Amino acid sequence: MGDLAEGFVVPWNDTRVALPRHLYVHVPLCRSKCAYCDFYSEVDTGAPEHAAIVGHTVELLRGWLTPQVRWSPLETLYIGGGTPTVLGPHLVGLVRALTDVIPLASDAEVTIEANPESFSPKLAAALAAEGVTRASVGVQSLDDDALVRLGRCHDSAAARSAIRAAADAGLAVSVDLICGIPGVSAEAWERSLRGVVEAGATHVSVYPLTVEPNTPLARAIAIGEASMPDEDATVDSMNAAARILGSLGFGRYEVANYAMPGRRSRHNIAYWTGKPYMAVGGGAHGMVDGEQAHALGLAPDDRTDVGRIRFAYASHLLPGDQLQPLSSIETMTVAEAAREDAMLGMRMTDGISDALAEGANVIEALESLVTDGLVEHTDGRWRPTERGWLFGNEVFSRIWGVVE
Ligand code: SF4
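Residues numbered from 1 in each chain as written. Predicted model: local features only at pLDDT ≥ 70, side-chain atom pairs only at ≥ 80, totals over all residues. Heavy atoms only, no water.

### Topic: the overall build of the chain
Stage number 1. What the chain contains, in helices and strands, is 15 helices and 19 strands.
Stage number 2. Relative to the 2.2 N^0.38 estimate, which gives 22 Å for 404 residues, the radius of gyration of the chain is 21 Å and therefore close to what a compact globule would have.
Stage number 3. Taking the principal axes of its C-alpha atoms as reference, the chain extends roughly 60 × 55 × 40 Å.
Stage number 4. Counting over 404 residues, the chain shows a buried share of 53%.
Stage number 5. Summarising the internal contacts of the chain: among those between residues at least 6 apart in sequence, 71% fall at separations of at least 24. (Helix = DSSP H or I, 4+ residues; strand = E, 2+ residues; numbered from the N terminus. Rg over C-alpha atoms; globule rule 2.2 N^0.38 Å. Buried < 20%, exposed > 50% of the residue type's maximum accessible area, 1.4 Å probe, protein only. Contact = heavy atoms within 4.5 Å.)

Encoded structure:
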């Protein structure tokens, strides 16, 4: 595996700007497309494409290493998708190649997203040997009928096997579940929650089923072949998840995320706490601070008030495309970046500090949310209430909508 960067030292006279210590890599391939999905991914065409994607992804990463910047060992690396595990053994090669370009810190968290149909004990063990520490398994449900309706290409037995394979390889296992699927009873939802934990999950993400435009699910609903998710049932499912996972020793630490002690996602916490992160791969999103943006040539030369820049790669990115084809670059002022930190921080149970709230100029918005029972203010921190979790969009939009 790539050398672990023990004893990494920056020379005192090195004036280059340090790159973010978090890296997201997008693998835009899936075995097939799920009925509800509007993420960018292409249907996998097999092994010849895999090596090319690995090479291209690594070239994209090298493309960021201009003379004006220096890397520091990565604290977190997250390879998502899409379905990274469709790369099979080439996924192991991707981890190695990426960490040859930018080494890992000795205690780095390295996550790969895995789907049951393309994950095996052998692949799990090979990834663990390469330095991967965590698998995020796309299970969505342990109800076989629901899996068919969602267009998933695996059944519940394969999902349980994938979780066990990851756990047996020594990986921390996160599982994604979808709540509010029409036709899934409260009992079946509880079986999914308990089932993934019994199989070895120590982190669970619970997302409501959303109907995105132009998906097979949206078309099926339009012609009466599928039902719209019921909002009340979805809320009941989210409340049941909090109760059942809580009884199994999981703590909620973000609006949709639950973890056993010591199993929170460090990579995702970086997103929610305003830490810059690099990204490579078709459709991937990254965020750098103002200094990094200038060093990377992403910030307009005449702008001095750049707080952060969010960038996204073009979709439909496969080998042969030009390097660094960013499809969007969004510039935020220092004040906007602070406000975004406040908004993102309110996704977490820890909430935000008085200092952050004051710096972001959102005290007035927070006080109105307290009045409405959506936020509480104790011990110098602002936190969402139970009701605030359910009306998250109201909380986020009022914080973001503050006019200076
Ligand atoms: S596996 Fe994930 S990314 Fe791929 S189509 Fe299904 S939901 Fe979308």
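### Digging into the packing of helix H6 (residues 186-199) against helix H8 (residues 231-247)
Stage number 1. Look at H6 against H8: their axes get within 10 Å of each other, and the N-to-C directions meet at 35 degrees. The chirality of how H6 crosses H8 is right-handed. The segment H6 lies against H8, with Trp189, Glu190, Leu193, Arg194 and Val197 engaging Ser237, Ala240, Ala241, Ile244, Leu245 and Ser247.
Stage number 2. Residue classes in the contact of H6 with H8 are distributed as seven nonpolar, two polar and two charged. (Axes fitted to C-alpha atoms, helices over the stretch in contact; angles between N-to-C directions. Left-handed = near helix turned anticlockwise from the far one by under 90°. Nonpolar A, V, L, I, M, F, W, Y, C, P; charged D, E, K, R; others polar.)

### Re the site of the ligand
Stage number 1. The local shell around the ligand consists of Cys30, Ser32, Lys33, Cys34, Tyr36, Cys37, Gly82, Thr83, Asn115 and Arg152.
Stage number 2. In the shell around the ligand, the residues fall into four nonpolar, four polar and two charged. (Near = heavy atom within 4 Å.)

### Examining empty space enclosed by the protein
Stage number 1. Taken as a whole and judged by the stated rule, the model has two cavities of 30 Å³ or more.
Stage number 2. Every residue along the wall of the second largest cavity is listed here: Val255, Met346, Arg347, Pro384, Gly388, Trp389, Gly392, Val395 and Phe396.
Stage number 3. Every element with two or more residues in the lining of the second largest cavity is listed here: helix H14 (386-390) and helix H15 (392-400).
Stage number 4. Examining the composition of the lining of the second largest cavity, we find that three residues originate from one element, H15, more than from any other.
Stage number 5. For the lining of the second largest cavity, a count of residues per class yields six nonpolar, two polar and one charged. (1 Å grid on protein atoms, 1.4 Å probe; cavity = no way out; pocket = protein on both sides within 12 Å on 5 of 7 lines; lining within 4 Å. Points joined across faces, edges and corners; volume = space filled by probe spheres on them.)

### Brief notes about the pairing of strand S15 (residues 306-313)
Stage number 1. Most of S15 is tucked away: eight of the eight residues are buried.
Stage number 2. Sheet analysis places strand S14 (residues 285-289) next to S15, joined by five bridges and oriented antiparallel. Across the sheet, residue Val288 finds its bridge partner in S15, namely Ile309.
Stage number 3. Both S15 and strand S16 (residues 326-333) contribute to a ladder of seven bridges, which runs antiparallel. By the bridge assignment, Ala312 is partnered in S16 with Ser328. (Pairing = 2+ DSSP bridges.)

### Re the pairing of strand S18 (residues 375-378)
Stage number 1. Pairing of S18 with strand S19 (residues 381-384), which is carried by four bridges, proceeds in the antiparallel orientation. In the sheet register, Val375 faces S19, and the bridge partner there is Pro384.
Stage number 2. With antiparallel pairing between neighbouring strands as the criterion, S18 and S19 make up a hairpin whose turn holds two residues, including Asp379 at a positive phi of roughly 50 degrees.

### Some thoughts on the packing of aromatic side chains
Stage number 1. What the rule picks out here adds up to five aromatic pairs.
Stage number 2. On the basis of an interplanar angle of 55 degrees and a centroid distance of 4.5 Å, the ring pair of Tyr271 and Tyr277 is categorised as tilted.
Stage number 3. On the accessibility criterion, Tyr271 (21% relative accessible area) is partly exposed.
Stage number 4. Aromatic ring contacts, followed pair by pair, group Trp64, Phe311 and Tyr313 into a single cluster.
Stage number 5. When the ring centre of Trp389 is taken as reference, the NZ or CZ atom of Arg252 above it lies at 4.5 Å.
Stage number 6. Here Arg339 stacks its cationic end above the ring of Trp400, 5.8 Å away from the centre of that ring. (Phe/Tyr/Trp six-rings, centres within 6.5 Å; stacked < 30°, edge-to-face > 60°. Lys NZ or Arg CZ within 6 Å of the ring centre and 35° of its normal.)

### Some remarks on the domain arrangement of the chain
Stage number 1. Partitioning the chain into domains gives domain 1 (17-269) and domain 2 (346-404).
Stage number 2. Each of domain 1 and domain 2 was reduced to a C-alpha centroid, and the two centroids are 29 Å apart.
Stage number 3. Facing the eight residues of domain 1 at the interface are seven residues of domain 2.
Stage number 4. For the domain 1 and domain 2 pair, buried surface summed over both sides reaches about 780 Å², with 57% attributable to carbon and sulfur atoms. (Domains from an automatic or database assignment. Buried area = accessible area lost by both parts, 1.4 Å probe.)

### Some remarks on a negative patch on the surface
Stage number 1. On the surface, a cluster of negative charge is made up of Asp230, Glu231, Asp232 and Asp236.
Stage number 2. For Asp230, the position within the fold is in the loop between helix H7 (216-222) and H8. (Patch = residues over 30% accessible without salt bridge, like charges linked within 9 Å, V, L, I, M, F, W, Y side chains within 5 Å. Areas by Shrake-Rupley, 256 points an atom, 1.4 Å probe, with all protein chains shown as cover. Salt bridge = Lys/Arg side-chain N within 4 Å of Asp/Glu carboxyl O. Lys, Arg positive; Asp, Glu negative; His and termini not counted. Charge placed at Lys NZ, Arg CZ, Asp CG, Glu CD.)

### Thoughts on the sheet that holds S18
Stage number 1. On the basis of which strands lie adjacent, the open sheet formed by three strands has the order S17-S19-S18 and antiparallel pairing. Each edge of the open sheet is held by one strand with a lone partner, namely strand S17 (352-353) and S18.
Stage number 2. Here S17 pairs with S19 via two bridges, running antiparallel. Pairing of Ser353 across the sheet is with Arg381, part of S19.

### A closer look at the nonpolar core
Stage number 1. Grouped together as the largest cluster of nonpolar side chains are 80 residues, with contacts concentrated most on Ile79, Leu94, Phe119 and Val196.
Stage number 2. The biggest single contributor to this core is helix H2 (residues 89-101), with six residues.
Stage number 3. With sequence-adjacent residues up to four places away left out, Val196 is seen in contact with Val139, Leu142, Ile163, Val175, Leu177, Ala201 and Val204. (Core = buried A, V, L, I, M, F, W, Y, C linked by side-chain atoms within 4.5 Å.)

### Quick notes on the side chain of Thr385
Stage number 1. One can find Thr385 in the loop between S19 and H14.
Stage number 2. We classify Thr385 as buried; its relative accessible area is 16%.
Stage number 3. Those residues in contact with Thr385 that lie beyond four places of it in its chain are Gly373, Leu374, Val375 and Glu376.

### Describing the sheet that holds strand S2 (residues 22-27)
Stage number 1. Strand order in the open sheet formed by nine strands is S11-S12-S10-S9-S8-S7-S6-S2-S13, and the pairing between neighbours is mixed. Strand pairing shows two members of the sheet lacking a second neighbour, strand S11 (251-254) and strand S13 (278-280), which therefore form its edges. Each adjacent strand pair in this sheet contributes to an overall mean axis angle of 20 degrees, direction not counted.
Stage number 2. Strand direction decides the pairing type here: strand S8 (residues 134-140) and strand S9 (residues 172-179), joined by six bridges, are parallel. Note on S9: the bridge partner recorded for Val137 is Val175.

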